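Examining the three-dimensional arrangement
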Amino acid sequence: MSPTAFKGPRAGPGMAPRLQLEKAAWRWTETVPPEAVTQEHIEAAYRVGLEPCQRGACRRNCRGNPNCLVGIGEHIWLGEIDENTFHKIDDPNFERRKKNAFVGLTNLGATCYVNTFLQMWFLNLELRQALYLCPITRTEYVTAEGTPSDKDYEPQTICEHLQYLFALLQNSKRRYIDPSGFVKALGLDTGQQQDAQEFSKLFMSLLEDTLSSQKNPDVRDIVQKQFCGEYAYVTVCNQCGRESKLISKFYELELNIQGHKQLSDCITEFLKEEKLEGDNRYFCETCQSKQNATRRIRLLSLPCTLNLQLMRFVFDRQTGHKKKLNAYIEFSELLDMVPFMEDKANVFVYELSAVLIHRGVSAYSGHYIAHVKDPQTGEWYRFNDEEIEKMEGKKLQLGAEEDLEPSKSQTRKPKCGKGVYRSRNAYMLVYRLQTREKSLSIRIPAFLQQLVERDNSKFEEWCTEMAEMRKQSVARGKIKHEEQWLDESTPPKPIDNTACLCAHGKLHPDKIPTVKRVSEYVADYFYKRYGGGPRLTFKALCRECVVERCRVLRLKNQLNEDYKTVSNLLKVTIKGNDGFWVGKSSVRSWRQLALEQLDEPDEDADQSNGRMNGDAKNKEESSAEKREEEDLKFNEDIVCPHGNLCISENERRVVSGETWKKLQQYFPNAPEFPSSKDSCSQCKILEREGEENEALHKMMASEQKAHLPNLFQDKSRPCLSSWPEELDELYVVSKFFVEEWRKFVRRPTRCSPVSSIGNRDLLCPHGGLMFTFASMTKDDSKLIALIWPSEWEKIQKLFVVDHAVRVIRRRPSEANPETPLFITEPELCSDCREGLLCQQQRDLREYAQATIYVRKVVDNKKVMKDAAPELTVSSSEAEEEKEEARLEGEQDPDFNQANSNAKRQKVSHPNYVVYQKQGIRRSARHRKVRGEKALLVSANQTLKDLKIQIMHAFSVAPFDQNLSIDGAILTDDSATLGSLGVTPESVVLLRADEPVVDYAAIDDVMQVCMPEEGFKGTGLLGH
């Protein structure tokens, strides 16, 4: 074998049948024990004898074969080149209109509502034909010579803009066109989304007015013929029966959808009879006086195209803003209007031709899409600005628009019958009168066709220019690519093989996939040119690593057999003292532990004295973290903290010496405890002391409970507001002391005994009391507990009393016999009390990141049956366990939002004492109820900011929120929370105007605060 050398690769992508090569390299371990390993076995493990791959036969580098030198990076320079990497120019053909496809319209910002109507009007063939017949004002474009080539066409009227747009939509080669000329002519703000229904009505009115001066009746009357119908307001006097009619034209029927599920119900309500009574009575010409009457709408005639406006956007009187109704409405593919007509002799059967969709849950944002049927083919198309999608099977499909992030509580869309659809986003339905006439064939006027062809020529020139730019970019990229291949200005880094070394300083067997074996001549060339090291020669094959791997692999193969043997040995009864202690947990899981240990990658394989050409990661930190997180190893479950045998015999068992020997093959470093070995003496002493302490604590708890039964059970407690007549004094202790003492009495083995009453927390630094008699009857009553004199005598014997605090009643004087006088010992410290109150007021105005609670109510009632706290004060042991679990570190999920933030308010409650080093420990925290959420707020944030937070927490939009605190309605959005009296721990009530769907999808809720000007100042209103 010729001299060889190993070298870490400078480039090495690729995958290979690595597992097969790995298995083949170590197959000899099945028959060869570790002590019989020879040089031949070592070379097999390092795959020295594998045949090198031939170029062409090996498509990619074999990482498991160190002799494979194919595909180690040369394909980057010698293989096929992806031309897209040399430029950032999109393929211009992507902008080309596809065959038999419609042309889209560019969204100029917030003009999607305009685009939907343009596409719908374009597919009204009668309207398009009439507009093509409309003469233009600039006659030079319709001369025999054709359109002037040196001038750009500039439409002068709305009709001309619409003509040109329709011509481009019909014959343009572009995938989409720009409607900015049309939008600019109308004076629309492209950045503001407007009311689509209002736009439709205003534009139809403008178009009709513009065409009214045309001489051709097919052009002049097209709007009326297509869209105009008639109905009559019929009023009937109840007294004389006189009927009066007021005939009116309509271009669409505005249908109320609130409370309805079907389109027919909406039409019925539109035509229903209205009673005119009381102040709304009708003046009858016949009776010559106001009389009760009835009024209704009667449909007299219907247009060819029937526009039905579904009034989804309604005005909310309470908020002063519009809102969207997201209720489902059912409508059919065929609509028979005969039952609703005054004259039922004619046939009025309509066919659905368009559905206009508003995607979004707010009236102030969202996206408009049109589903329109092609009248010539009967196929449905989805028009979404530049993107146009053909529906399958000539069927209307509204699925994508109806699946707009439904909330969990939202009911599923009900199934529909054949020819019936349901939508909660449709705001306009367009029906066409059924006819047997063939659809029109529309031809573009010559001058418009020339304008379209001119635009198509410009588009073709642009495509050619872009294609040439792409071609030039690719050519420059290839040249630069070849220059980089030949460039020596940035030579590779020095060879670094340190990442491939094992603990013995040789080549690790697991690193074979990351190295390549080359001849000594090539190695000399590389090291001379690039330097580095260490150089790995034939002597770098590590015998120690191969022998260890052989042992591990043989153990893995032997594990199944040994598992059966050990299982049988464990069934044998052990006699005498020749056994060994093993943890029961270790016995149960020894096979899994052995597998995990054998499957663990060798630590040596992860060790690295450096980085391999700067690519290998230093794993020292991750290895340290891994060691810290490791679970107990085999037999460590019976090791006590002192490193000896644990005292609990329930956790261990004795196994035979033969069993222990088998287990030691897999766990040679496991702790060994012969069955004759005694358990830890230190643990025994601690156990005895613990048992004695537990007995003592139980005795103390029992004695204290017997002496103070009413205090423990919170029964027959004194009250300052209803002072007991027979007593002149009551004692005061900290409420925290009472609660801690109760915990100890309930759980004496788990809780520490309470030795002192700790009344120093109730006093100021000067020794004065921090509470007045009045405050102890109200807010501060949560901080103190009142003690009967008889109980105080027992407390003095059972606990250390640092400070005695009592309230004394002075008998009424003869001058004022009805008013008793109450004093405290020690007396109130007025200065400290006043300072505390000032601090509280200052904190209420200046708090930051404090917790408040927002509670949702329905019809001024709490959501629950409710409002019953989830956590109630209870003396049961189970309830105490819940409270104790939280004290021991388990966070209450209802409060972790407030607790997780490091920047908490200066005080957690308005009444919190700030003068003590430890402060007064409050036990009565806010009890959350269902339907309530905690929010972090600051005093200087506005009410509008709070509403935004509530929107994210409750999915209720700001304009649907009615907030109140302590009965006061919060209305000023610009006011700060501090000025509105929203303090830490306070509860804000939220009432939503109506159940709403997922308001998290609102694009820009801040638009609600902007004044609505509609189409004021636009061409739609004649400006």
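Everything numeric here is computed off the predicted structure, so don't read it as measured data.

1. Structural notes on the overall build of the protein chain
- Each helix and strand in the protein chain was counted, giving 28 helices and 37 strands.
- Taking contacts inside the protein chain between residues at least 6 apart in sequence as the whole, the part at least 24 apart equals 76%.
- Total accessible area computed for the protein chain in this model is approximately 56100 Å², and 48% of it derives from carbon and sulfur atoms.

2. Things to note about the pairing of strand E5 (residues 243-250)
- The sheet contact formed by strand E4 (residues 229-237) and E5 spans eight bridges and is antiparallel. Across the sheet, Glu230 pairs through a bridge with Lys249, a residue of E5.

3. Observations concerning the sheet that holds strand E31 (residues 821-825)
- An order of E29-E28-E30-E31 is seen for the four strands of this open sheet, with the pairing classed as antiparallel. Edge strands, defined here as strands with exactly one partner in the open sheet, are strand E29 (784-787) and E31. On average, adjacent strands in this sheet sit at an angle of 30° to one another, irrespective of strand direction.
- Looking at chain direction, strand E30 (residues 805-810) and E31 are connected through five bridges and run antiparallel. Paired with Arg806 across the strands is Glu825, a residue of E31.
- Against the sheet, helix H24 (residues 789-798) contacts strand E28 (729-734) and E29, and its axis sits at roughly 50° relative to E28.

4. Examining helix H15 (residues 543-570)
- If you look at H15, its biggest bend is around 50°, right at Leu559.
- Among the residues making up H15, those that are buried are Cys545, Val546, Arg549, Cys550, Val552, Leu555, Leu559, Asp562, Val566, Leu569 and Leu570.

5. Examining the nonpolar core
- If you look at the biggest cluster of nonpolar residues, it comprises 66 residues, and the most contacted ones within it are Phe117, Met120, Trp121, Phe182, Phe199, Phe203 and Leu207.
- Counting 39 residues, the second largest nonpolar core, distinct from the first, contains Val314, Ile329, Phe340 and Tyr350.

6. Let's talk about a negative patch on the surface
- Negative charge collects at one region of the surface, where Glu687, Glu689, Glu691, Glu692 and Glu694 lie side by side.
- Following the sequence through the fold, Glu691 ends up in helix H20 (residues 681-707).
- Taking the relative accessible area as the measure of exposure, Glu691 reaches 48% and is therefore partly exposed.

7. Remarks on the side chain of Ser200
- With respect to the secondary-structure elements, Ser200 resides in helix H8 (residues 196-211).
- Ser200 sits in the buried class, given a relative accessible area of 3%.

8. Brief notes about the environment of Arg810
- Along the chain, Arg810 turns up in strand E30.
- Considered as a pair, Arg810 and Ile823 are 13 residues apart in the sequence and their alpha carbons are 7.7 Å apart.

9. Details of the sheet that holds E4
- Sheet architecture is open: four strands sit in the order E5-E4-E10-E7, paired in antiparallel fashion. In this open sheet, the two edge strands, each paired with only one partner strand, are E5 and strand E7 (274-276). Mean inter-strand twist for the sheet, computed between neighbouring axes without regard to direction, equals 30°.
- Looking at chain direction, E4 and strand E10 (residues 293-301) are connected through eight bridges and run antiparallel. The residue bridging Ala232 from the neighbouring strand is Arg298, located in E10.

10. Observations regarding the state of the cysteines
- Enumeration over the complete set of coordinates arrives at zero disulfides.
- The structure places no disulfide on Cys764, whose sulfur is separated from the nearest cysteine sulfur, that of Cys832, by 3.6 Å.

11. Regarding the pattern of salt bridges
- Counting across every chain of the model gives 32 salt bridges.
- The closest approach of N and O atoms between Asp455 and Arg174, which form a salt bridge, is 2.9 Å. Of this pair, Asp455 sits in helix H13 (residues 446-486) while Arg174 sits in the loop between helix H6 (158-171) and strand E3 (176-177); the two residues are 281 residues apart in sequence, bridging distant segments of the chain.
- According to the relative accessible area criterion, Asp455 is buried, its value standing at 16%.
- The residue Lys225 makes a salt bridge to Asp218 at a minimum N-O spacing of 3.6 Å.
- Residue Lys225 is classed as partly exposed on the basis of its relative accessible area, which comes to 44%.
- For Asp218, a relative accessible area of 43% translates into the label partly exposed.

12. Things to note about unusual backbone geometry
- Here the bond from Gly533 into Pro534 is cis, since omega is -5°, no more than 30 degrees from zero.
- By the secondary structure assignment, Pro534 is in the loop between strand E24 (532-533) and strand E25 (536-537).
- Note that the residue after Glu825, namely Pro826, is joined by a cis bond; omega there is -5°.
- Tracing the chain through its elements places Pro826 in the loop between E31 and helix H25 (830-846).
- The backbone of Arg47 shows a phi angle near 60°, a positive value even though the residue is not glycine.
- Of note, Arg47 is situated in the loop between helix H2 (39-45) and helix H3 (75-78).
- Judged by its relative accessible area of 3%, Arg47 is buried.

13. Some thoughts on helix H14 (residues 520-530)
- Taken residue by residue, H14 has Ala523, Phe526, Tyr527 and Tyr530 as its buried positions. All buried residues of H14 project into a common sector of 95° when viewed along the axis, lining one side. The exposed residues of H14 that point more than 90 degrees off its buried face are Tyr521 and Lys528.
- Backbone geometry just after H14 places Gly531 at a positive phi near 75°.

14. As for the packing of aromatic side chains
- Taken as a whole and assessed by the stated rule, the structure comprises 32 aromatic pairs.
- Between the aromatic rings of Phe199 and Phe203, the centroid separation amounts to 6.0 Å while the plane-to-plane angle is 25°, which identifies the pairing as stacked. One end of the pair is Phe199 and the other is Phe203, both in helix H8 and four residues apart, which spans about a single turn. Here Phe199 and Phe203 have matching classes, each one buried.
- Ring plane angle 5° and centroid distance 5.1 Å describe the contact between Tyr231 and Phe250, whose orientation is recorded as stacked. Taken as a pair, Tyr231 in strand E4 and Phe250 in strand E5 lie far apart in primary sequence, 19 residues in all.

15. Some thoughts on the side chain of Lys516
- Inspection of the secondary structure assignment puts Lys516 in strand E23 (residues 516-519).
- Polar side-chain contacts of Lys516 include one of 3.1 Å to the backbone oxygen of Asn65.
- Here Cys68 takes part through its backbone oxygen, which lies 3.0 Å from a polar atom of the side chain of Lys516.

Here is what the cut-offs are and how they apply
- Residues numbered from 1 in each chain as written.
- Predicted model: local features only at pLDDT ≥ 70, side-chain atom pairs only at ≥ 80, totals over all residues.
- Heavy atoms only, no water.
- Helix = DSSP H or I, 4+ residues; strand = E, 2+ residues; numbered from the N terminus.
- Contact = heavy atoms within 4.5 Å.
- Areas by Shrake-Rupley, 256 points an atom, 1.4 Å probe, with all protein chains shown as cover.
- Pairing = 2+ DSSP bridges.
- Axes fitted to C-alpha atoms, helices over the stretch in contact; angles between N-to-C directions.
- Bend = angle between axes of the 7 residues up to and from the residue.
- Buried < 20%, exposed > 50% of the residue type's maximum accessible area, 1.4 Å probe, protein only.
- Core = buried A, V, L, I, M, F, W, Y, C linked by side-chain atoms within 4.5 Å.
- Patch = residues over 30% accessible without salt bridge, like charges linked within 9 Å, V, L, I, M, F, W, Y side chains within 5 Å.
- Salt bridge = Lys/Arg side-chain N within 4 Å of Asp/Glu carboxyl O.
- Lys, Arg positive; Asp, Glu negative; His and termini not counted.
- Charge placed at Lys NZ, Arg CZ, Asp CG, Glu CD.
- Disulfide = S-S within 2.5 Å.
- Arc of directions from axis to C-beta.
- Phe/Tyr/Trp six-rings, centres within 6.5 Å; stacked < 30°, edge-to-face > 60°.
- Polar contact = N/O pair within 3.5 Å; in protein donor to acceptor, adjacent residues only side chain to side chain.

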